[in-house]
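# Close look at the chain arrangement
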Amino acid sequence: IYICLLSISCDKTENSSEINEIEPTKELITTTIYITQNIDGINVQRPVIIQTPENIDLSINYPVVFAFHGRGGTNISWVNKLKSFTDNGEFVGIYPQGYLKSWNLGTEPSKADDVSFVNSIIEELKEYKNLDMNKLYAIGTSNGSGMVNKLGIHTSHFKAIAPVVSQLMESMPILDNTKPVSIFQINGAKDFTIPINGGSAFGHNFLDAYKSAELWASNFECNLSPEVRSINGNTQYLFTGCNDNKEVKYLRIENGGHN
C-alpha cells in the first residue's frame, strides 16, 4: 500500500538548498545507517535501512517514506514490498528497526523512546543530498501502525500517515496540540488479531476502527459526514474539509484479515 496514493502531492521537487535547515553533504545511496540510543542505561546501535532509486537523479529531491514493521518483524521486510516504488524513483524508503522487534506503545517488549529515535533519524537524513525533507510520510502495519499513529499525535514531521490493520487506542489520545495530518487508515473486517470493532488485545484497548477515523476527523475539524464509496466490494470513508487542507480516509477491507 503506497502512502502517496493520498490526495496530497508526492511529486518530486527540483533540488534546492532551501529544502533542508542545514546544507546536506552526504551522497544519497542505498545503505544501512546506525543511530545510537540509550535504552535502559545501555547504548544500543539501532539500524535504519535507506533504500534509494536504482538511478538517482541529482537534479531533484525525492519524497521520503518511513515504513514501520509489525511486532516480531524486521525492517528488511519492507525492502521487497516497496522496492518497485523506490527503484522507479517514486520516493526514498526509510526502514527503521524496532528494538526487540517491537515499537514501544506501552506494553511491548521494547522500552525505547521511539519518538526520540525517529527524531534522530530525521536529523541524520538532513545531512543527505537529494531528499525533500518537506515531504515526509509514514506507513506502518500492526504494531508499526500504532507507531505511526503515535508519530502523528506527538510530532509534526509528516504530511501524511498510513496506519494499516490497527487503529487508535484509548491509551494514546489525540492531543490538543496535535498538528493536522492526512490519515489513510486501513482495516480488515475479518481481522481476529486487532478487533476492528474495538476491544482488548496485546494489553491495549483499541477503539472501533470507524470511530478511530472519525476521532481523527473530529480533532482536525473535518466534515463529519464522510463521502462513502464502494471499491471492489470494500468500503471507503473519506472525511474532507479538514484543517490545513488535510483529509482522513478509512478503507474497510471486507475479506481482509491481519495482513
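Below: a short report on this structure. Values in this document were obtained by computation on a predicted structure and should not be read as measured data.

A word on the overall build of the protein chain. On a plain count of helices and strands, the protein chain comes out with 4 helices and 13 strands. Computed over C-alpha atoms, the radius of gyration of the protein chain comes to 18 Å, within 12% of the 18 Å expected from 2.2 N^0.38 for 259 residues, which places it in the range of a compact globule. Across its three principal axes, the protein chain shows a C-alpha extent of roughly 50 × 40 × 35 Å. Going through the 259 residues of the protein chain one by one, you find that 53% of them count as buried. Partitioning the contacts of the protein chain with sequence separation of at least 6, the portion at a separation of at least 24 is 64%. Separation between the mean location of the 20 positive side-chain charges and that of the 28 negative ones in the protein chain comes to 6 Å.

Our next topic: helix α1 (residues 77-87). Considered for burial, the residues of α1 that qualify are W78, L82 and T86. Angular distribution of buried residues about the axis of α1 spans 70°; they occupy a single face of the element. Positive backbone phi, at 80°, marks G89, one or two positions downstream of α1.

Right, let's talk about the state of the cysteines for a bit. Per the counting criterion, the structure on display carries 1 disulfide. Here C222 engages in a disulfide with C242; their sulfurs sit 2.0 Å apart. Residues C222 and C242 are joined through a disulfide that is right-handed, its torsion about the S-S bond being 110°. Within this pair, whereas C222 is found in the loop between α4 (209-219) and β11 (227-231), its partner C242 is found in the loop between β12 (234-239) and β13 (248-253), the two being separated by 20 residues in sequence. The exposure classification of C222 matches that of C242, with both residues buried.

The next thing to look at is helix α3 (residues 143-154). Over its 12 residues, α3 runs 17 Å from end to end, which matches the ideal 16 Å to within 8%, given 1.5 Å per residue. Across the 12 residues of α3, 10 count as buried, placing the element largely inside the fold. Those residues of α3 that are buried are in contact with β4 (60-68), α2 (114-125), β6 (131-141), β7 (160-164) and α4.

Our next topic: the nonpolar core. With 52 residues, the main nonpolar core has F66, F68, I94, L125, W216 and V248 as its most contacted residues. Top element by residues in this core is α2. It accounts for 6 residues. Sequence-distant contacts of I94, defined by excluding residues within four places in its chain, comprise V48, I49, I50, V64, V65, F66, A67, I121 and L125. Core analysis: the second largest hydrophobic core is formed by 16 residues, L82, A160, F184 and L251 among them.

This part covers the pattern of salt bridges. For the structure on display, the rule yields 9 salt bridges. With its nearest N and O atoms 2.9 Å apart, the salt bridge here joins E123 to K126.

This paragraph deals with the environment of T74. Among the structural elements, T74 can be located in the loop between β4 and α1. T74 sits in the partly exposed class, given a relative accessible area of 28%. If we ignore the near neighbours within four places in the chain, the residues touching T74 are H69, Q97 and K101.

One can find S142 in the loop between β6 and α3. The exposure class assigned to S142 is buried, which follows from its relative accessible area of 17%. Of the polar contacts made by the side chain of S142, one reaches the side chain of H258; its length is 2.7 Å. Residue contacts for S142: discarding those within four places in its chain leaves G70, V164, V165, S166 and H258.

Cut-offs used in this document
- Residues numbered from 1 in each chain as written.
- Predicted model: local features only at pLDDT ≥ 70, side-chain atom pairs only at ≥ 80, totals over all residues.
- Heavy atoms only, no water.
- Helix = DSSP H or I, 4+ residues; strand = E, 2+ residues; numbered from the N terminus.
- Rg over C-alpha atoms; globule rule 2.2 N^0.38 Å.
- Buried < 20%, exposed > 50% of the residue type's maximum accessible area, 1.4 Å probe, protein only.
- Contact = heavy atoms within 4.5 Å.
- Lys, Arg positive; Asp, Glu negative; His and termini not counted.
- Charge placed at Lys NZ, Arg CZ, Asp CG, Glu CD.
- Arc of directions from axis to C-beta.
- Disulfide = S-S within 2.5 Å.
- Expected span 1.5 Å × (residues − 1).
- Core = buried A, V, L, I, M, F, W, Y, C linked by side-chain atoms within 4.5 Å.
- Salt bridge = Lys/Arg side-chain N within 4 Å of Asp/Glu carboxyl O.
- Polar contact = N/O pair within 3.5 Å; in protein donor to acceptor, adjacent residues only side chain to side chain.

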